[in-house]
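Chain and residue survey
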Amino acid sequence: MIIAVDFDGTIVEHRYPEIGREVPFATETLKKLIEDHHHLILWTVREGKLQDEAVEWCRQRGVEFFAVNKDFPEEDTDKNMHYSRKLKADLFIDDRNIGGLPDWGVIYRMISEGKSMTDLLQEEWEEEYMPATPKKKKRWWF
């Protein structure tokens, strides 16, 4: 799966143009997604030196992106007259998501288990409020 990931407010706290503190478990989750064979694209408003700093910050923490601000590493926007800025990703992880950014543990569960936020909330609700089905008693004649 191709997953586009924002930097400021998603991987790190908002401190643009500085780099904020890491959002808890962000890089650990990203490394796990890479281990699970997903292609991660850093999709950020940062350009030039600021973008390079963000990429290096991630690299120092063991997160290597498949591409940065483009669909694939070899894409050359200077030579392609039909270049589209719209990224072709299966998922986007961004703090500006409707409902905000879930914690990184929830994000990992959604991706690895193929579940929506609704599915996870339903499961949580059922665990909390639905009584467990009582087990049938064993009878000697069965």
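See the structure printed just above.
Here is a short report on the structure shown in this document. Predicted model, so just to flag it, every value in this text is computed and none were measured. (Residues numbered from 1 in each chain as written. Predicted model: local features only at pLDDT ≥ 70, side-chain atom pairs only at ≥ 80, totals over all residues. Heavy atoms only, no water.)

1. Here we look at the overall build of the protein chain
Rule in force here: We count a stretch as a helix when DSSP gives it H or I for four or more residues in a row; a strand needs E for two or more, and each element gets its number in order from the N terminus. Using a 1.4 Å probe on the protein chains alone, a residue whose accessible area is under 20% of its type maximum counts as buried, one over 50% counts as exposed, and one in between counts as partly exposed. The contact criterion used throughout is that any non-hydrogen atoms of two residues lie within 4.5 Å. Accessible areas in this description were obtained via Shrake-Rupley with a 1.4 Å probe; residue shielding takes into account the shown protein chains only.
When you go through the protein chain residue by residue, the secondary structure sums to 4 helices and 4 strands. Starting at the N terminus and ending at the C terminus, the protein chain contains elements arranged as β-α-β-α-β-β-α-α. Among the 142 residues that make up the protein chain, the fraction classed as buried is 30%. The long-range share in the protein chain, meaning contacts at least 24 apart out of those at least 6 apart in sequence, stands at 64%. Total accessible area computed for the protein chain in this model is approximately 10400 Å², and 54% of it derives from carbon and sulfur atoms.

2. Some words on helix α1 (residues 26–35)
The cut-off we apply is this: It is the directions from the helix axis to the C-beta atoms that the arc portrays.
Of the residues making up α1, those classed as buried are Ala-26, Thr-27, Thr-29, Leu-30 and Leu-33. Summarising the axial view, the buried residues of α1 lie within an arc of 160°, below the 170-degree limit, and thus occupy one face. Packed against the buried residues of α1 are β1 (2–5), β2 (39–42), α2 (48–60) and α3 (104–113). His-37 sits one or two positions beyond α1 and adopts a positive phi of about 75°.

3. A word on a nonpolar patch on the surface
Heads up, the rule is: Only residues above 30% relative accessible area that lack a salt bridge enter a patch, with like-charged residues linked at up to 9 Å and the nonpolar side chains Val, Leu, Ile, Met, Phe, Trp and Tyr linked at up to 5 Å. Note on definitions: salt bridges are taken to be side-chain nitrogens of Lys or Arg within 4 Å of carboxyl oxygens of Asp or Glu.
On the surface, Trp-125, Tyr-129 and Met-130 cluster together into a nonpolar patch covering about 370 Å² of accessible area. Exposure remark for Tyr-129: the relative accessible area of 57% places this residue in the exposed category.

4. Some points on the packing of α1 against α3
Selection rule: Note on definitions: angles span 0 to 180 degrees between N-to-C directions of axes, and those axes are lines fitted to C-alpha atoms, for helices only across the stretch in contact. When describing relative orientation, an angle under 35 degrees is termed roughly parallel and one over 145 degrees roughly antiparallel, while 65 to 115 degrees is termed roughly perpendicular and anything else oblique. Helix crossings get a hand from a simple test, with the near helix turned counterclockwise from the far one by less than a right angle marking a left-handed crossing and a clockwise turn marking a right-handed one.
Between α1 and α3, the least distance of the axes is 9 Å, while the angle of their chain directions is 15°. As judged from the angle between their axes, α1 and α3 are roughly parallel. Classified by chirality, the crossing of α3 by α1 is right-handed. Facing Ala-26, Thr-29, Leu-30, Lys-32 and Leu-33 of α1, the residues of α3 in contact are Trp-104, Tyr-108 and Ile-111.

5. A look at the sheet that holds strand β4 (residues 91–93)
We count it as follows: Two strands pair under a simple rule: DSSP has to find at least two bridges between them.
Across the sheet, 4 strands lie side by side as β3-β2-β1-β4; this open sheet has parallel pairing. The two strands at the open ends of the sheet, each matched to only one other strand, are β3 (67–68) and β4. As defined by bridge partners, β1 adjoins β4 across 3 bridges and the pair is classed as parallel. Across the sheet, residue Ala-4 finds its bridge partner in β4, namely Phe-92. The strands touched by α3 within the sheet are β1 and β4, with β4 carrying the most contacts at an inclination of about 175°.

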